[in-house]
Amino acid sequence: MNNSRWKRFSNKNSFRFVPYMMGCDPDRETSIEIALALQEGGAEAIELGVPYSDPLADGPVIQRASQRCLENDVSLTDVLELAGAMRERGVSVPVIIFTYYNLLLQLGENRFFELAEKNGIDGVLVPDLPFEESAGLKKSCRDRDMAFISLVAPTTREERLKEIAQDADGFLYCISSMGVTGKRAAFAGNVKSFLANAQEQSRVPVLVGFGISSSSQAMQFAGVSDGYIVGSAIVEKIEALLPRFSQEQEREGAIREFKYFINQLVPAQPEKECNHAAENTADDIKAVSAGKTD
Amino acid sequence: MNNSRWKRFSNKNSFRFVPYMMGCDPDRETSIEIALALQEGGAEAIELGVPYSDPLADGPVIQRASQRCLENDVSLTDVLELAGAMRERGVSVPVIIFTYYNLLLQLGENRFFELAEKNGIDGVLVPDLPFEESAGLKKSCRDRDMAFISLVAPTTREERLKEIAQDADGFLYCISSMGVTGKRAAFAGNVKSFLANAQEQSRVPVLVGFGISSSSQAMQFAGVSDGYIVGSAIVEKIEALLPRFSQEQEREGAIREFKYFINQLVPAQPEKECNHAAENTADDIKAVSAGKTD
Amino acid sequence: GRYGRYGGKYVPETVMSALAELEAGFSEAKEDSEFLNLYLKELSSYSGRPTPLTFAEGLTKKGGGAKIFLKREDLNHTGAHKINNAIGQALLAVRMGKKKIIAETGAGQHGVAAATAAARYGLECRVFMGEEDIRRQELNVFRMKLLGAEVVPVYSGSRTLKDATNEAIREWVRTVEDTFYLIGSAVGPHPYPQIVKHFQKIIGEETSSQLKDITDQDPSCIIACVGGGSNAIGMFAPFIDSSIPLVGVEAGGKGTSTGFHAATMEKGTLGVIHGSMTRLLQTENGQIIEPYSVSAGLDYPGVGPEHAYLYESGRVAYESVTDEEALDALQTLCSEEGILCAIESAHAVAYALKAASKYTENEMMVICLSGRGDKDVHTLISRREGGSDE
Amino acid sequence: GRYGRYGGKYVPETVMSALAELEAGFSEAKEDSEFLNLYLKELSSYSGRPTPLTFAEGLTKKGGGAKIFLKREDLNHTGAHKINNAIGQALLAVRMGKKKIIAETGAGQHGVAAATAAARYGLECRVFMGEEDIRRQELNVFRMKLLGAEVVPVYSGSRTLKDATNEAIREWVRTVEDTFYLIGSAVGPHPYPQIVKHFQKIIGEETSSQLKDITDQDPSCIIACVGGGSNAIGMFAPFIDSSIPLVGVEAGGKGTSTGFHAATMEKGTLGVIHGSMTRLLQTENGQIIEPYSVSAGLDYPGVGPEHAYLYESGRVAYESVTDEEALDALQTLCSEEGILCAIESAHAVAYALKAASKYTENEMMVICLSGRGDKDVHTLISRREGGSDE
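What counts and how
Residues numbered from 1 in each chain as written. Chains lettered and ligands numbered in written order. Predicted model: local features only at pLDDT ≥ 70, side-chain atom pairs only at ≥ 80, totals over all residues. Heavy atoms only, no water. UniProt positions renumbered as here; feature names shortened; annotations may be inferred. Buried < 20%, exposed > 50% of the residue type's maximum accessible area, 1.4 Å probe, protein only. Helix = DSSP H or I, 4+ residues; strand = E, 2+ residues; numbered from the N terminus. Pairing = 2+ DSSP bridges. Right-handed = clockwise from strand over helix to strand, strands pointing away. Contact = heavy atoms within 4.5 Å. Axes fitted to C-alpha atoms, helices over the stretch in contact; angles between N-to-C directions. Buried area = accessible area lost by both parts, 1.4 Å probe. Salt bridge = Lys/Arg side-chain N within 4 Å of Asp/Glu carboxyl O. Polar contact = N/O pair within 3.5 Å; in protein donor to acceptor, adjacent residues only side chain to side chain. Nonpolar A, V, L, I, M, F, W, Y, C, P; charged D, E, K, R; others polar. Parallel < 35°, antiparallel > 145°, perpendicular 65-115°, else oblique. Phe/Tyr/Trp six-rings, centres within 6.5 Å; stacked < 30°, edge-to-face > 60°. Lys NZ or Arg CZ within 6 Å of the ring centre and 35° of its normal. Expected span 1.5 Å × (residues − 1). Patch = residues over 30% accessible without salt bridge, like charges linked within 9 Å, V, L, I, M, F, W, Y side chains within 5 Å. Areas by Shrake-Rupley, 256 points an atom, 1.4 Å probe, with all protein chains shown as cover. Lys, Arg positive; Asp, Glu negative; His and termini not counted. Charge placed at Lys NZ, Arg CZ, Asp CG, Glu CD.

Going by an unreviewed UniProt entry, chain A carries the name Tryptophan synthase alpha chain and comes from Fictibacillus aquaticus. Here is the UniProt Catalytic activity (unreviewed entry) comment for chain A, exactly as written: "(1S,2R)-1-C-(indol-3-yl)glycerol 3-phosphate + L-serine = D-glyceraldehyde 3-phosphate + L-tryptophan + H2O". Per its UniProt entry, chain A bears the Function (unreviewed entry) comment "The alpha subunit is responsible for the aldol cleavage of indoleglycerol phosphate to indole and glyceraldehyde 3-phosphate."

Following this line, the structure appears as structure tokens:
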């Protein structure tokens, strides 16, 4: 793969933080600010979700975000174009479009890749397109220097894991535990050996995701993986901030609070970010604490 | 049969009027007055009904009378004793107890006849005890000089009619039309030939009943029968008079109105009865007219 | 027409010729193999007979004794054994040249069965139903109307089954020339109890043959609920001449000592109801008492005359179970076997569960599961929610 | 796992091992004659199969052409074809060592069937049901609870069947080790459409053999309603390789031009739903549209992938009938034959009544009467009373 953004991602040596955000939740402009905040907060790549009526792999938080966006008629095209706008505003890390297969099917593969290329997309993750069904799409991605992100789960059998891992692009998405996306207290019992095994087999960085909502949870996996993905915790934070995003005089504070939240999610942050957080008012900090107990 | 009351009944040459009244409807004293009025009005015999929870052969009017009496816990014994009281007060025509079989069964045949004899009962009519089931009871009646009243219907077949008619006591009850008791506009199509046939076969007077509610209806059958029975029309009249019976100052007028009503039911009445009716106030006569349209 | 001193024809003279016609029509029909074949063909190709004999493994475990088998009358078209008789009598009506049928109904089950058979065989149908029952059973009322039947409200007496039956008989007298009275249980004047038994004995005949397919051994007990008693007489019919113990289960309501029950055998006395001599619940003066049971189908003050005879002769044991026992048994059957039976049938199940442990696991009990319980879900809901069953 | 371009497994990686396990378990089971015999024995001794093939004389007269026969799935235990599949999959779950089943349900029919099979075979059962459907179908909810199942309300999306299915799949991922997902229609990822067809093909097999008992002649048309399509695929299965015309009838709702319908074939487009590629009702952006039908069982935005294939290949003709036509046909069947069928099944009847006159009286049409209509009486009442069907 010649995609320079993926090369940078791949060559990093840090424990990579990859956040998920729902595109256009709550709106296009705020999404751009969120993406910039994520990058500023240390994101090494961004998963950009597309709202769908039937998000089979997602838990209630992302389902609700989908519903919100669908009420605004946000389409796959809208989210692809959002990615383009994010690029223009300075997002430089790999952007992965996270879409259910039916949306891509309706748009049409050709049109999808046309828009994806135009808007600077680096990768495609289709949660309901398992290895067996994805050969064609993966090839189309490779033809365009995009990564088709593959997933493996604790239940993925040895042979299959090997096959998927050795054919993976971008990063290998290791599902930490069975179930849908969303915060949880415990992970699959065999998660560490599973990750270690995936790391052995994979030709790309191995990231762990599903259910991670704090830096301490993520750090458990630091030795057996190359990074982690946080989705629902971020989307839930955005949901909590919705009333403030919608009021002009509150937006700036809300973005600050969001940044502070992201900092908490990222274990080793530069000093200045902490200082930045310290600039928050006491009230803001209280709100943050309240948010975390959600 | 040596019963002198039946001999008188049998030897009459008139077109006999036999009314039905429900015993103790609305109460014992009024029933006695009603019986006396019926006799005064020309009744050649009186059928005395017993209230029953499930009067299968009866229409709504007599069903309602049953219900009224059952609310006062009127039993077969009560009605038998009522007959005795009627005798004491001057009722001299045959009195036929009209009871469903289950009531008689519960009282017991022995006890029933004991009370019947004591209270001057001349006949027994059990509407749900057809010829086939009644041999025993008929014999018990004959042993005591009582008439077991048999019924035949327009649908009773020739052979059977002959058998019943030739074994009848007291009178032969000919059902004018199919269905239950109660007023009606039309009778069975073959009713006259049926009655003529019954008259030919019967060893006792042939009376027609079910649905007769006016003297003109009754007179249709004068040539082919020996009398007629009126039930529901009388019970309905009593029902209409209930409010007046229950008030001391209205009772006498109510009885007068009842007598007038009976006079209308009987085609050929002595002159004096008509005069008696003429003594009624104009209001009474209006009330009578209103009652007749019910 | 007599079973010992029970049975007979205690009806007005106006009904007698109709009964004679019916008797003649039925005597002819039951000897007519073409008629019999038509009846059997309709049971099989229309109503889905034979109904299975299901081994109830879970119920057997709960009972802790005899192996329990269920004769699945709940799987009949319209959901109960009632259709066997409705089809038989409706075909008889057609054979006798009648164009119209009338029927009585309490909860509406027989009314639906009669309306169903009438629709199938092109007969006009009027169903007499107490005004109180019409109010309580609006779904069945609507079903009858959908089937093209007229539902005639009965306002007399207690406005329930007993009065609907009286009124149907009254109506029959009025219209006897072109109308067939399709009675719903093994009651009424002769020849009705015989006719109903004739058209219900298929239950016992199938059971007998299905048992023989399983084992040579006789069952240790055959159980059926008894209201009027049509499913029971049908189930017992081929076994009466054997020595197999037979048990009829009556509705004990709130307990046979409370006055709120329908236990005709235990608490009833000799009497006449709906044209036949039998045992019935009545006052000492002979007025008929409205019985009580949570189950509308067992809520009848009398019982078929042959049952009265079988009780008196001791050939069949009649037991009662209470509302509570029946409802608990219904719940047990439901969660153990996935079968939601009628509350009526649950009385038989309740008795079986109580009696099973008297037998060994090598013995068999057979329960006639007379109908399904979809119709009872509202009653069950209000019981669960309120605790009160009235 | 493909029917032309349809079918497949469009599911998260987390489901893949479970599907592989299921595929292996099913492959083994279907070759195991002991398993097959157990399944057939349960269908016969528990659910009452074979269901009859009823000649509908009155309906035939109304149709004015072909002789109409009804395959009576309404006579199954619990009142519809759903139980065939529920029994089959529950027995498969037991064979695979699973202790728990989960299921999705819309109107509650499959939920009741699944809860029934779970009770019978001693499995724990959780049924996912849209919160909106729970409100509308309280009787079935209560029945499931009586059967010992837990009913889990689903608050996501439109809170109906589509979302209940999503949620059941999500739950399955969570609990896959000891839990079997008992899917209710011929939909879902491979191997589900195959499994459901396998356990429903008894409908067509019985029909085929029952037709041979009547005549050597092939029927001129075999008709079944199609929502997800399980009764239809089961009915069609043994006939697909013949040249007998097959017709699937979809819910036309208020008319396929109104936007209120569930006509997946006529108005749907290629897409992915519940794990398989098929035809479905969706916006041009690919968001799935909640369909509309008066019949809760046909109210599904997708269709089994094999049906999509049979549509595309032209082997099966798919037609639609409106709510009104279906309800009229239900009324006609009811008053002509005494059979109150489900509104779902009435769609097939309505098509048959329209098409019958194209055939001569020497030809035969067979309708799969997939279920009984007791569950629909409330809908029918409100239609008659209000004129509105919503």
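A. How the structure looks around the pairing of strand β8 (residues 206–209) of chain A. Residue and element names in this part refer to chain A. Taking every second residue as pointing to the same face, both faces of β8 are buried, with Val206 and Val208 on one and Leu207 and Gly209 on the other. Bridge analysis of strand β7 (residues 172–175) against β8 gives four bridges, and the strand direction is parallel. Among the inter-strand pairings, tyrosine 173 is bridged to a residue of β8, identified as leucine 207. For the crossover that starts at β7, traverses helix α9 (residues 191–201) and ends in the parallel β8, the hand is right-handed.

B. Fine view of the arrangement of the chains. In this assembly, three pairs of chains are in contact, and the pair contributing the most contacts is chains C and D. At no point do chain A and chain B touch; the closest pair of C-alpha atoms across them sits 65 Å apart. Between chain A and chain C there is no contact, and the shortest C-alpha to C-alpha distance separating them is 30 Å.

C. Region of interest: the sheet that holds strand β7 (residues 150–154) of chain D. Residues and elements named next belong to chain D. Reading across the sheet, the four strands line up as β7-β6-β5-β8 and stay open at both edges, with parallel pairing between neighbours. The two strands at the open ends of the sheet, each matched to only one other strand, are β7 and β8 (179–181). Here the strands of the sheet are splayed against their neighbours by 25° on average, with no regard to which way each runs. Note: strand β5 (residues 100–105) against strand β6 (residues 124–130), six bridges, orientation parallel. Among the inter-strand pairings, alanine 103 is bridged to a residue of β6, identified as valine 127.

D. Spotlight on the interface of chain D and chain A. With 35 residues of chain D in contact, the opposing surface of chain A contributes 36 residues. In this assembly, chain D packs against chain A so that about 2,800 Å² is buried in total across both faces, 53% of it on carbon and sulfur atoms. Area buried by chain D at its contact with chain A is led by Glu13, Arg170 and Gln287 of chain D, which between them contribute 25% of it. At the junction of chain D and chain A, the tally comes to three salt bridges. Put simply, lysine 162 of chain D and aspartate 54 of chain A hold a salt bridge, and the shortest N to O gap is 3.0 Å. Viewed at the interface, chain A and chain D are joined by 20 residue pairs in polar contact (both at pLDDT 80 or more). Elements represented by at least two residues in the side of chain D that touches chain A include exactly α1 (13–31), α8 (161–175), β11 (269–273) and β12 (276–280) of chain D. A total of eight residues in the side of chain D that touches chain A trace back to one element, the largest contributor, which is α8 of chain D. Residue composition of the side of chain D that touches chain A, grouped by class: 13 nonpolar, twelve polar and ten charged.

E. Quick peek at the packing of helix α14 (residues 323–337) of chain D against helix α15 (residues 343–355) of chain D. All names here are of chain D. The contact between α14 and α15 brings their axes to 7 Å, and the two run at 85°. The pairing of α14 with α15 is recorded here as roughly perpendicular in orientation. In contact with Glu325, Ala326, Leu327, Ala329, Leu330, Thr332 and Leu333 of α14, α15 contributes Ile343, Ala346, His347, Val349, Ala350, Leu353 and Lys354. Looking at the contact of α14 with α15 residue by residue, the classes come out as ten nonpolar, two polar and two charged.

F. Quick look at the packing of aromatic side chains. Here the structure, examined in full by the defined rule, presents 41 aromatic pairs over all chains. Ring centres of phenylalanine 17 of chain B and tyrosine 228 of chain B lie 5.5 Å apart, and the angle between their planes is 40°; this geometry places the pair in the tilted category. Highlighted residues: phenylalanine 17 of chain B in strand β1 (residues 16–22) and tyrosine 228 of chain B in strand β9 (residues 227–230), separated in sequence by 211 residues. Residue tyrosine 228 of chain B is classed as buried on the basis of its relative accessible area, which comes to 1%. Among the aromatic residues, those joined into a cluster by ring pairs are Trp6, Phe9, Phe171, Tyr173 and Phe210 of chain A. It is arginine 16 of chain B that lies over the ring of phenylalanine 9 of chain B; its NZ or CZ is 5.3 Å from the centre. Looking at lysine 254 of chain D, its charged tip hangs above the ring of tyrosine 292 of chain D, at a distance of 5.2 Å from the centre.

G. Structural detail: helix α4 (residues 76–88) of chain B. Residues and elements named next belong to chain B. In this model α4 runs 19 Å from its N-terminal to its C-terminal C-alpha over 13 residues, within 8% of the 18 Å that 1.5 Å per residue would give. Along α4, the residues classified as buried are Leu76, Val79, Leu80, Leu82, Ala83, Gly84, Ala85, Met86 and Arg87. Next to the buried residues of α4 lie α1 (4–11), α2 (28–40), β2 (46–49), β3 (95–98), α5 (101–107) and α6 (109–118). A positive phi of about 115° marks glycine 90, the residue just after α4.

H. How the structure looks around the side chain of serine 66 of chain A. Residue and element names in this part refer to chain A. Relative to the elements of secondary structure, serine 66 occurs in helix α3 (residues 60–71). Looking at serine 66, the relative accessible area reads 2%, which means it is buried. Apart from residues no more than four positions distant in its own chain, serine 66 is found in contact with Met22, Val50, Pro51, Tyr52 and Pro55.

I. Representation of a negative patch on the surface within the structure. Residue and element names in this part refer to chain A. Residues Glu158, Glu159, Glu163 and Glu200 make up a contiguous surface patch of negative charge. When residues of the negative patch are assigned to their parent elements, the largest contribution, three residues, is made by helix α8 (residues 158–166). Relative to the assigned elements, glutamate 158 resides in helix α8. With a relative accessible area of 43%, glutamate 158 lands in the partly exposed category.

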